[in-house]
Amino acid sequence: MKTLKLTVNPLDKRSKINKEIYSNFSEHLGRCIYDGIFVGKDSDIPNIEGYRKDVIEALKQIKLPVLRWPGGCFADEYHWQDGIGELSGRKKIVNSNWGHVVEDNSFGTHEFLRFCELVGCEPYISGNVGSGTVEELAKWIEYITFDGVSPMADLRKKNGREKPWKLKYLGIGNESWGCGGNMTPEFYCDNYRRYSTFCREYSGNKLFKIACGPNADDYNWTDVCMRNIGTWGMQGLSLHYYTVPTGNWEHKGSATEFSEDEYYETINRTLFMETLLTRHGGIMDRYDPQHKVGLIVDEWGTWYDVEPGTNPGFLYQQNTMRDALVAAINLNIFNEHSDRVFMANIAQAVNVLQAVLLTEGNTTVKTPTYYVFDLYKEHQDAQLIYSHIENETAYGNIPCVSHSASIAEDGTVTLTLSNCSLDKEFTADIGAAFGEISAASGRILTGEVHALNTFEQPENVTIKPLDVKTGNGRAAVVIPPCSVMALTLK
Ligand code: AHR
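Below is a summary of the structure that appears in this document. Values in this document were obtained by computation on a predicted structure and should not be read as measured data. (Residues numbered from 1 in each chain as written. Predicted model: local features only at pLDDT ≥ 70, side-chain atom pairs only at ≥ 80, totals over all residues. Heavy atoms only, no water.)

## With respect to the packing of aromatic side chains
For the coordinates displayed, the defined rule picks out 26 aromatic pairs. Between Phe-38 and Tyr-51, the ring centres sit 5.3 Å apart and the planes meet at 55 degrees, which makes this aromatic pair tilted. With Phe-38 in the loop between strand 2 (23–25) and strand 3 (47–48) and Tyr-51 in strand 4 (residues 51–52), this pair connects stretches of sequence that are 13 residues apart. You'll find Phe-38 and Tyr-51 in the same group, each marked buried. Between Phe-146 and Tyr-202, the ring centres sit 5.1 Å apart and the planes meet at 50 degrees, which makes this aromatic pair tilted. Separated by 56 residues along the polypeptide, Phe-146 in the loop between helix 3 (134–145) and helix 4 (151–158) and Tyr-202 in the loop between helix 5 (185–197) and strand 10 (208–211) bring together distant segments of the chain. Within the aromatic cluster, the residues linked to one another by ring pairs are Phe-38, Tyr-51, Trp-69, Phe-74, Tyr-78, Trp-80, Phe-107, Phe-112, Phe-115, Trp-140 and Tyr-143. Just above the ring of Phe-25 sits the side chain of Arg-68; from NZ or CZ to the centre is 4.6 Å. Directly above the ring of Tyr-219 sits Arg-279, whose terminal nitrogen or CZ lies 4.1 Å from the centroid. (Phe/Tyr/Trp six-rings, centres within 6.5 Å; stacked < 30°, edge-to-face > 60°. Helix = DSSP H or I, 4+ residues; strand = E, 2+ residues; numbered from the N terminus. Buried < 20%, exposed > 50% of the residue type's maximum accessible area, 1.4 Å probe, protein only. Lys NZ or Arg CZ within 6 Å of the ring centre and 35° of its normal.)

## A few points about the site of the ligand
For the ligand, the set of nearby residues contains 13 residues, the closest of which are Glu-27, Cys-73, Glu-175, Tyr-242 and Glu-299. Asn-174 is positioned with one of its side-chain polar atoms (N or O) 3.1 Å from an oxygen atom of the ligand. Its free accessible area being 290 Å², the ligand has 94% of it covered by the protein chains. Residues belonging to the shell around the ligand are distributed by class as follows: 7 nonpolar, 3 polar and 3 charged. (Near = heavy atom within 4 Å. Polar contact = N/O pair within 3.5 Å; in protein donor to acceptor, adjacent residues only side chain to side chain. Areas by Shrake-Rupley, 256 points an atom, 1.4 Å probe, with all protein chains shown as cover. Nonpolar A, V, L, I, M, F, W, Y, C, P; charged D, E, K, R; others polar.)

## Structural notes on the side chain of Thr-369
Position of Thr-369 among the secondary structure elements: in helix 10 (residues 368–376). Polar side-chain contacts of Thr-369 include one of 2.9 Å to the side chain of Asn-319. Leave out the neighbours within four places in its chain, and Thr-369 touches Asn-319, Asp-323, Ala-324, Ala-327, Ile-346, Gln-354, Ala-355 and Val-356. (Contact = heavy atoms within 4.5 Å.)

## Examining the sheet that holds strand 10
With respect to topology, 8 strands assemble into a closed barrel ordered 2-5-8-9-10-11-12-13, the strand pairing being parallel. Across the sheet, the mean angle from the axis of one strand to that of its neighbour is 25 degrees, orientation sign disregarded. Sheet analysis places strand 8 (residues 122–127) next to strand 9 (residues 169–172), joined by 4 bridges and oriented parallel. Bridging from a neighbouring strand, Ser-126 pairs with Gly-171 of strand 9. Strands in contact with helix 9 (residues 321–336) are strand 11 (236–243), strand 12 (294–302) and strand 13 (341–347); relative to strand 12, the strand with the most contacts, it is inclined by about 170 degrees. (Pairing = 2+ DSSP bridges. Axes fitted to C-alpha atoms, helices over the stretch in contact; angles between N-to-C directions.)

Dropping the structure here:
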């Protein structure tokens with residue numbers, strides 16, 4: 001077994017790892033909202049005010065910081081006034097993006113914001129720019145945040161909510177280069193400036209406005225947005241990048257049945273996130289050297305063919321140890337770029353794409369991806385520190401070990417490591433650049449790459465305690481193939 005030397009330097013503090021990097025996304029798509037989050041008060045499924053109890057508990061457990069809603073593509077066809085007031089009066093509409101199913105609007109603004117309160121996370125609302133109006137979005141902000149007398153504040157009160165909510169994160173358009181209106185970047189920027197002007201800050205509420213950013217490697221989009229909006233009027237610029245194993249949107253590949261080649265291709269395509277952040281970040285640096293505008297990776301994760309027999313418009317896929325590796329690598333990359341990446345939202349929370357939770361009837365399954373978020377949660381709001389490993393490669397030149405390290409206020413270091421090799425086991429020999437490691441503990445998620453949690457075997461893949469040795473001021477740990485781990489070092 002090869003030994004890899006790994007160094008952390010707790011004195012070399014870099015950027016703060018905003019807890020928002022560990023955020024999630026929930027869209028009116030398939031069974032994410034209905035079934036996944038909201039089952040209604042009269043359901044047999046254990047619920048709190050109609051929200052699945054087990055889902056609330058699971059999201060609290062990983063300290064979910066922010067939840068994005070209502071889409072996605074759905075957001076640019078969503079008219080928020082359809083989803084307020086008496087249930088019986090709410091419009092039934094067609095969800096034309098996702099399967100043409102009936103959307104009965106029973107989960108609207110009040111329901112979303114209440115869910116966030118129950119989970120203890122902040123809401124992130126995506127406004128409709130594609131098919132909405134400036135007035136409509138302006139009124140939504142007034143409805144949610146104004147503490148005074150106005151038509152929208154009065155309407156909110158009439159609908160049962162006396163005090164306004166706080167709303168920080170506001171997206172102005174989603175994928176405006178595609179499903180959000182097929183706009184050119186110049187046209188979008190002009191629209192952004194109009195919409196953004198009328199999203200007022202009421203009653204001490206401070207908005208963090210997020211412009212629609214590029215699709216993957218569309219560097220021109222970033223350049224135009226930074227030139228035409230820049231630090232003038234946005235606090236965040238989004239980036240969407242999905243890992244599609246085959247690179248072919250017609251045949252993306254199965255979530256559960258894949259070859260070794262397909263696996264390593266998935267990892268390779270995941271690593272492209274590093275290139276994207278470096279290059280988009282480089283463009284942003286030219287206009288915003290002080291890093292006032294954050295990159296908001298508000299859609300990322302794996303995207304496979306849907307599970308056989310499920311509605312193609314619902315994007316339901318299973319989740320294996322391969323997804324755990326994809327999550328671990330992406331999160332380490334975000335940590336390393338936390339000087340520019342202020343938030344990231346995996347797509348999506350429940351039952352859609354690389355979901356952290358899957359539900360069926362009464363049962364909720366935590367996916368391998370969920371456990372990665374659990375392993376990494378100590379990074380939230382800690383300070384990124386320097387870490388380096390003398391790495392090995394797999395399958396050509398894919399680095400086997402992905403890593404990042406942070407230090408908390410009390411001096412505890414969290415080091416997250418993953419090994420994407422399917423056959424190489426390593427020992428990590430860990431030292432601190434200055435000082436000694438006197439105590440260490442760890443937790444690990446590992447299994448055969450196709451291993452997954454099902455409704456019959458929900459705990460097939462779970463976190464286990466890990467033996468970490470210490471001596472001579474250093475720590476040593478075995479990193480098995482196909483594994484993700486978090487170490488605590490003191
Ligand atoms: O997450 C699924 C979809 O992917 C979103 O609705 C859209 O923004 C993206 O194309």
